[in-house]
Amino acid sequence: MPNLFIGGEWVSAAGGGLRDVSNPYDQTVIEKVDEASAEDALAAVAAAREAFDRGEWRDWTALRRADLLRRVADLLQRDRAEIARIETLDTGKTLTESGIDVDDVTAVFRYYADLAAADAGRQVDAGDPAVRSRIVHEPVGVCALITPWNYPLLQASWKVAPALAAGNTMVLKPSEVTPLSTIRMVSLLEEAGLPAGVLNLVLGAGVPVGAALVDSPDVELVSFTGGLATGRTIMRAAADTVKKVALELGGKNPNIVFADASFDAAVDYALTAVFLHAGQVCSAGTRLIVEDSLHDRFVADLAGRAERIRLGNGLDPATESGPLVSAEHRAKVEEHVAAGRAEGAVLLTGGARPSDPELRGGCFYLPTIFDDCERSMRVVQEETFGPILTVERFSAEDEAVELGNDTDYGLAGAGWTSDRARAERVAGRLRHGTVWINDFGPYLPQAEWGGFKRSGIGRELGPSGLAEYREAKHIYENTDPRPQRWFGR
């Protein structure tokens, strides 16, 4: 079956290109999918443009769009097991994680269905009883949605659900590495009754496919989740046509543990924060910052537990962590480990591929912990996007906050303490878009997600996530117009 969805039809790539999609557990080919060209991308933009300007979609009410989103949510739950399996085969994450992803995606579609249905704009008091002044919200237009490989289904939902709720049309481009669950989601949208051309799917690399979307004058908004370098390129390209841009560009996230924290919980969450999905999480807690008096005991317990993490096939219920997404990505992780060693960080555990013969065919890397790290080290400052934890020390609250903010990024961070006043002070001073207190990692569809500094521009989720895809229009009506006699009196 063709894998591109353009103008309501499943079609093959114009140039006949195909790409292998591999299972990172053993690097076997799962499926061959169509590899789009710039020509395909522009055809998808043209379909979205036609659907927005002249299609039936523009006449759909917010309530009708909300009903469609709810149908998609129901279909996701109907096919939960199948979709979770696809996600695990494609990304390598455990089946438990993939099932949670499907549930989270379902919650996102339902949240934006409710939000869209409840929006009625607002009235403005003009101070004149003859004037009716109101603010209404309209869709931006044609949107290009470009998503990453680590959470393909979840990240797509964060863009697609609010974009549809607002009434936009769109072209969706998932990562070429992990496109399979996105293809499945688009088929559910088709089944739910989405009109032709409203959502179009193209598969392929950032160049040429993503670049064609960003450059097109018919695209009015680009929403991108991915790396900082690509985000910069998109901003420069979008400037030529003055597009709206929303960017989520990753993080280097501090996890600060004070001596009065709940020890067992803090250790447990520190492991999950960095080793979930093999560390391939933009909000991963890769910088552990521990108070001096707690350091030795905390790190020893942490390293001992990290060594017992069970690596394996994500479909195996006994597996706790799967492989990295590809051999190419593992090579990048190995470069970060080599840099940490060269700069003098002390390797406590990991730092190598596993020796287990059953894992040698996959893209596995051992959970890795570096101690005695300094803020100037590359492994501390750069986003490693793998199972690498660096440990720093502090002796006072001000020093902890300073370390936590000493990063070019500002996506997320956490503070662990039993002192409520301290928790509030630290949360208020950390320059990160999300701050957890005595927790790490949860998000809510109704709460904004996004970063400060170089972690990006704009917000996903929450009311702000819907606002990204809407334009505010002021309609001013004079119900009793009378001559003003400015001129020609």
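Because the structure is predicted, anything quoted here is derived from the model rather than measured.

**Notes on the overall build of the protein chain**
Alright, step 1. Of regular secondary structure, the protein chain possesses 15 helices and 20 strands.
Alright, step 2. For 489 residues, the compact-globule estimate of 2.2 N^0.38 gives 23 Å, and the protein chain sits close to it at 24 Å.
Alright, step 3. If you line up the protein chain on its principal axes, its C-alpha atoms span 85 × 55 × 40 Å.
Alright, step 4. Counting the 489 residues in the protein chain, one finds 54% classified as buried.
Alright, step 5. Considering only residue pairs separated by 6 or more positions, the protein chain has 73% of its internal contacts joining residues 24 or more positions apart.
Alright, step 6. Taken as a whole, the protein chain presents about 20200 Å² of accessible surface, with 50% of it coming from carbon and sulfur.
Alright, step 7. Charged side chains in the protein chain number 51 positive and 72 negative. The centres of these two groups are separated by 5 Å.

**Some details on the packing of helix 5 (residues 152-166) against helix 6 (residues 180-192)**
Alright, step 1. Closest axis-to-axis distance for the helix 5/helix 6 pair is 9 Å, and the angle between their directions is 30°. Both helix 5 and helix 6 take part in a crossing whose hand is right-handed. When helix 5 is examined against helix 6, the residues Pro 152, Leu 153, Ala 156, Val 160 and Leu 164 are found in contact with a partner set consisting of Ser 181, Thr 182, Met 185 and Leu 189.
Alright, step 2. By residue class, the composition of the contact of helix 5 with helix 6 is seven nonpolar, two polar and no charged.

**Comments concerning the nonpolar core**
Alright, step 1. In terms of nonpolar packing, the biggest core is built from 125 residues, with Phe 109, Tyr 112, Val 160, Leu 164, Leu 288 and Phe 298 touching the most fellow members.
Alright, step 2. Looking at this core, the element that brings in the most residues is helix 5, giving 10 residues.
Alright, step 3. Setting aside residues no more than four positions away along its own chain, Phe 298 makes contact with Val 257, Phe 263, Ala 266, Val 267, Ala 270, Leu 288 and Val 290.
Alright, step 4. Cys 363, Cys 373, Met 377 and Ile 388 belong to the second largest nonpolar core, which has 13 residues in total.

**Things to note about empty space enclosed by the protein**
Over the atoms, a rolling probe the size of a water molecule traces out where space has been left empty.
Alright, step 1. For the structure shown, the criterion picks out six cavities of 30 Å³ or more.
Alright, step 2. The computed volume of the largest cavity comes to approximately 60 Å³.
Alright, step 3. In terms of lining residues, the largest cavity is bounded by 13 residues, among which Ala 246, Leu 247, Glu 248, Ile 457 and Glu 460 are the most central.
Alright, step 4. Those elements giving two or more residues to the lining of the largest cavity turn out to be strand 10 (221-225) and strand 11 (244-248).
Alright, step 5. Residues of the lining of the largest cavity, tallied by class, amount to five nonpolar, four polar and four charged.
Alright, step 6. Taken as a whole, the second largest cavity encloses approximately 50 Å³ of empty space.
Alright, step 7. Considering the residues around the second largest cavity, the lining is formed by Phe 275, Ala 278, Ile 309, Leu 311, Ser 321, Gly 322, Leu 324, Tyr 365, Pro 367 and Pro 387.
Alright, step 8. The residue inventory of the lining of the second largest cavity, partitioned by class, reads eight nonpolar, two polar and no charged.

**Topic: the environment of Ser 418**
Alright, step 1. Relative to the helices and strands, Ser 418 resides in the loop between strand 17 (412-416) and helix 14 (420-429).
Alright, step 2. We classify Ser 418 as exposed; its relative accessible area is 56%.
Alright, step 3. Along the primary structure Ser 418 and Ile 437 are separated by 19 residues, whereas in three dimensions their C-alpha atoms are 9.7 Å apart.
Alright, step 4. Contact partners of Ser 418, with chain neighbours within four places excluded, come to Asp 260 and Ala 261.
Alright, step 5. Side-chain polar atoms of Ser 418 contact the backbone oxygen of Asp 260, separated by 3.0 Å.

**A look at the side chain of Glu 468**
Alright, step 1. Tracing the sequence through the fold places Glu 468 in the loop between helix 15 (462-467) and strand 20 (470-478).
Alright, step 2. Nearest to the buried, unbridged Glu 468 among oppositely charged side chains is Lys 244, at 5.5 Å.
Alright, step 3. In terms of polar contacts, Glu 468 uses its side chain to reach the backbone amide nitrogen of Arg 459, at 2.9 Å.
Alright, step 4. Not counting residues up to four positions away in its chain, the partners in contact with Glu 468 are Val 140, Leu 221, Lys 244, Ala 246, Gly 458 and Arg 459.

**Quick notes on the environment of Ile 234**
Alright, step 1. Mapping Ile 234 onto the fold places it in helix 8 (residues 228-239).
Alright, step 2. Along the backbone, Ile 234 and Phe 224 are 10 residues apart, and their C-alpha atoms lie at a distance of 8.4 Å.
Alright, step 3. Discounting residues that sit within four places of it in the chain, Ile 234 has contacts with Val 214, Val 222, Phe 224, Val 245 and Leu 247.

**Observations regarding the side chain of Glu 248**
Alright, step 1. Secondary-structure assignment places Glu 248 in strand 11.
Alright, step 2. A polar side-chain atom of Glu 248 sits 3.0 Å from the main-chain amide nitrogen of Gly 250.
Alright, step 3. Contact partners of Glu 248, with chain neighbours within four places excluded, come to Gln 155, Phe 224, Thr 225, Gly 226, Cys 282, Leu 411, Trp 449, Ser 455 and Glu 460.

**Quick notes on the pattern of salt bridges**
Alright, step 1. In total, this model carries 34 salt bridges according to the counting rule given.
Alright, step 2. For Glu 477, the salt bridge is made with Arg 132, and the minimal N-O distance between the two is 3.5 Å. Placement of the pair is Glu 477 in strand 20 and Arg 132 in strand 6 (residues 131-139), with a sequence separation of 345 residues.
Alright, step 3. Of the residues examined, Glu 477 reaches a relative accessible area of 35% and is grouped as partly exposed.
Alright, step 4. Residue class for Arg 132 comes out partly exposed when judged on its relative accessible area of 38%.

Scoring rules and cut-offs
- Residues numbered from 1 in each chain as written.
- Predicted model: local features only at pLDDT ≥ 70, side-chain atom pairs only at ≥ 80, totals over all residues.
- Heavy atoms only, no water.
- Helix = DSSP H or I, 4+ residues; strand = E, 2+ residues; numbered from the N terminus.
- Rg over C-alpha atoms; globule rule 2.2 N^0.38 Å.
- Buried < 20%, exposed > 50% of the residue type's maximum accessible area, 1.4 Å probe, protein only.
- Contact = heavy atoms within 4.5 Å.
- Areas by Shrake-Rupley, 256 points an atom, 1.4 Å probe, with all protein chains shown as cover.
- Lys, Arg positive; Asp, Glu negative; His and termini not counted.
- Charge placed at Lys NZ, Arg CZ, Asp CG, Glu CD.
- Axes fitted to C-alpha atoms, helices over the stretch in contact; angles between N-to-C directions.
- Left-handed = near helix turned anticlockwise from the far one by under 90°.
- Nonpolar A, V, L, I, M, F, W, Y, C, P; charged D, E, K, R; others polar.
- Core = buried A, V, L, I, M, F, W, Y, C linked by side-chain atoms within 4.5 Å.
- 1 Å grid on protein atoms, 1.4 Å probe; cavity = no way out; pocket = protein on both sides within 12 Å on 5 of 7 lines; lining within 4 Å.
- Points joined across faces, edges and corners; volume = space filled by probe spheres on them.
- Polar contact = N/O pair within 3.5 Å; in protein donor to acceptor, adjacent residues only side chain to side chain.
- Salt bridge = Lys/Arg side-chain N within 4 Å of Asp/Glu carboxyl O.

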